[in-house]
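Spelled out, the chains give:
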Amino acid sequence: MCGTANHKSEHGHGHPHHLFRVPAADAAAYEYLAKEKKAPAAMATKRPADRKKTGDALTALTRSTVDKFASYFGEFQKSPAYKVLFFTQPAHVIMALAVTLVAASMLPGDMKKTSNATGESVKPRTFVNFVYLAAFCTHVGAQFWMTFISGLSLYFNLARHAFGDVQKILFPKYFSLNSLLSAITLIQFGKMHVAANMWDVHTYLQLFVLSLCFLLELMIRLYVVPPLLRLITVKTAIEKSAGVGNEVGRYDLGPLVDCPHYMAIHRAFRQVHLFVAIGNVVTMMCTAFHLAYIAA
């Protein structure tokens, strides 16, 4: 098995669908599912009246809408624009724009533009306050849910491979959402203090913390999450070939502990995952620090 796992692609990473055969149990499962799909179809032909229910029509409409959006997104994924935005050097451009945004948020606003004819400072609009609080509260809620509720609950109740498949879906969305919410919070916080002409040490300290949170989450999303997902894919394929990975709430590598190729991938996965975990903790500390500032 180790000899098979040692074979790599031209990019330096093994491709699971090239290296490992589908287990017989999976093939049997596919045949079973095919039979299950034929059975409801046969029943549907015998009972045409049941298909005319309002709930069925609404479900069909929802499914059709979701399928259309999925097809549009699938076409977009095949386009050069998607590859440019997510898989090539423009990731560096996105990061450079983020740094520019952070630098701009550190500049104090024009005193003349933020005061009225009598010289009194202008309060920020209600919409600015609403967007600021909504983005920050959603950010804190997403961090708390993903870290303490979703992550722990799924890890201790799902098979390890099933948990990994769920995390492969959630990780990109989690850090993408958090990056966006951090950017909105940073921008709106700057607008509020431009309007009030409040540029003191405490303001700059909060801007630094919010900027750190935003840049760290964006960096993890652009540079750390993609290799982590590739490691999970390769690691899971090797474990399936060895018949391990179905344990719940624990690690049991079985015979793979003696495979040097797998253990190298496993150590790389642990290192990347540790970096993501530390980054997530740091961003949670940043949001907690800003929450204390709001409470005060």
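Along each chain, residues carry numbers from 1 onward, in the same order as the chain's sequence is written. Totals for whole chains, interfaces and linings use all residues, but because this is a predicted model, local features are given only for residues with pLDDT of at least 70 and pairs of side-chain atoms are given and counted only at 80 or more. Derived side-chain values reflect all non-hydrogen atoms in the structure, with water molecules and hydrogen atoms excluded from consideration.

A. Quick look at the UniProt feature "transmembrane region" (unreviewed entry) in the chain. UniProt positions are given in the numbering used here, feature names are shortened, and annotations may be inferred rather than shown by experiment. According to UniProt, the feature "transmembrane region" (unreviewed entry) maps to residues 84-107, 127-158, 201-224 and 272-295 in the numbering used here. Think of it this way: any DSSP run of H or I at least four residues long counts as a helix, any run of E at least two long counts as a strand, and we number them from the N terminus. A distance of 42 Å separates the end C-alpha atoms of residues 127-158, which is 91% helix and 0% strand. A distance of 35 Å separates the end C-alpha atoms of residues 272-295, which is 100% helix and 0% strand.

B. Inspection of the environment of Leu186 at higher detail. Mapped onto the fold, Leu186 is located in helix 8 (residues 160-196). A residue is classified by how much of its surface remains accessible, and Leu186, at 0% relative accessible area, is buried. Expressed as a C-alpha distance, the spacing of Leu186 and Phe214, which sit 28 residues apart in the sequence, is 8.0 Å. Partly exposed describes any residue whose relative accessible area lies between the buried limit of under 20% and the exposed limit of over 50%, with all areas from a 1.4 Å probe on protein chains only and scaled to the type maximum.

C. A look at the nonpolar core. We call a set of buried residues a nonpolar core when its members are Ala, Val, Leu, Ile, Met, Phe, Trp, Tyr or Cys and they connect through side-chain atoms within 4.5 Å of each other. One finds Ile220, Leu228, Tyr262 and Val276 to be the most contacted residues of the largest nonpolar core, which totals 24 residues. For this core, the secondary structure elements donating two or more residues are helix 8, helix 9 (201-242) and helix 10 (260-295). Every residue pair with non-hydrogen atoms within 4.5 Å of one another is taken to be in contact. Setting aside residues up to four positions removed in sequence, Tyr262 forms contacts with Lys235, Ile238, Glu239, Leu253 and Leu256. Of all hydrophobic cores here, the second largest spans 12 residues; its members include Ala98, Val128, Ala183 and Phe214.

D. The pattern of salt bridges, seen in detail. Salt-bridge detection follows one rule: a side-chain nitrogen of Lys or Arg within 4 Å of a carboxyl oxygen of Asp or Glu. Overall, the coordinates contain five salt bridges when judged by the stated rule. As a salt-bridge pair, Glu239 and Arg160 come within 3.0 Å of each other at their nearest N and O atoms. On the criterion of sequence distance, the pair formed by Glu239 in helix 9 and Arg160 in helix 8 is long-range, its members being 79 residues apart. Given the relative accessible area of 8%, Arg160 is considered buried. For Glu239, the salt bridge goes to Lys235, with nearest N and O atoms at 3.0 Å. Of this pair, Glu239 and Lys235 both sit in helix 9, separated by four residues, roughly a single helical turn. Linked by salt bridges that have partners in common, Arg160, Lys235, Glu239 and Glu247 make up one network.

E. Summary view of the environment of Phe175. Positionally, Phe175 belongs in helix 8. Since its relative accessible area comes to 2%, Phe175 is described here as buried. Separated by 50 residues in the primary sequence, Phe175 and Val225 place their C-alpha atoms 8.6 Å from one another. Dropping the residues within four chain positions of it, Phe175 is found in contact with Glu217, Ile220, Arg221, Val225 and Val276.

F. Inspection of the environment of His161 at higher detail. Positionally, His161 belongs in helix 8. With relative accessibility at 7%, the residue His161 sits in the buried group. Here the alpha-carbon distance between His161 and Val244, two residues 83 residues apart in the chain, equals 9.0 Å. For His161, the contacting residues outside a window of four places in its chain are Thr236, Glu239, Lys240, Val244 and Gly245. Think of a polar contact as two N or O atoms within 3.5 Å of one another; within protein, one of them needs to be a possible hydrogen donor and the other a possible acceptor, and neighboring residues in sequence only count if both atoms come from side chains. At a separation of 2.7 Å, a polar atom in the side chain of His161 contacts the side chain of Glu239.

G. Layout of a nonpolar patch on the surface. On the surface, Phe144, Phe148, Leu152 and Phe156 cluster together into a nonpolar patch covering about 420 Å² of accessible area. If you trace the backbone, Leu152 turns up in helix 7 (residues 126-155). On the basis of relative accessible area, Leu152 is assigned to the partly exposed category, the value being 44%. For patch detection, residues must exceed 30% relative accessible area and be free of salt bridges, and they are connected within 9 Å for like charges or within 5 Å for nonpolar side chains (Val, Leu, Ile, Met, Phe, Trp, Tyr). To be clear on the numbers: accessible area is Shrake-Rupley with a 1.4 Å probe, and residue cover counts the displayed protein chains and nothing else.

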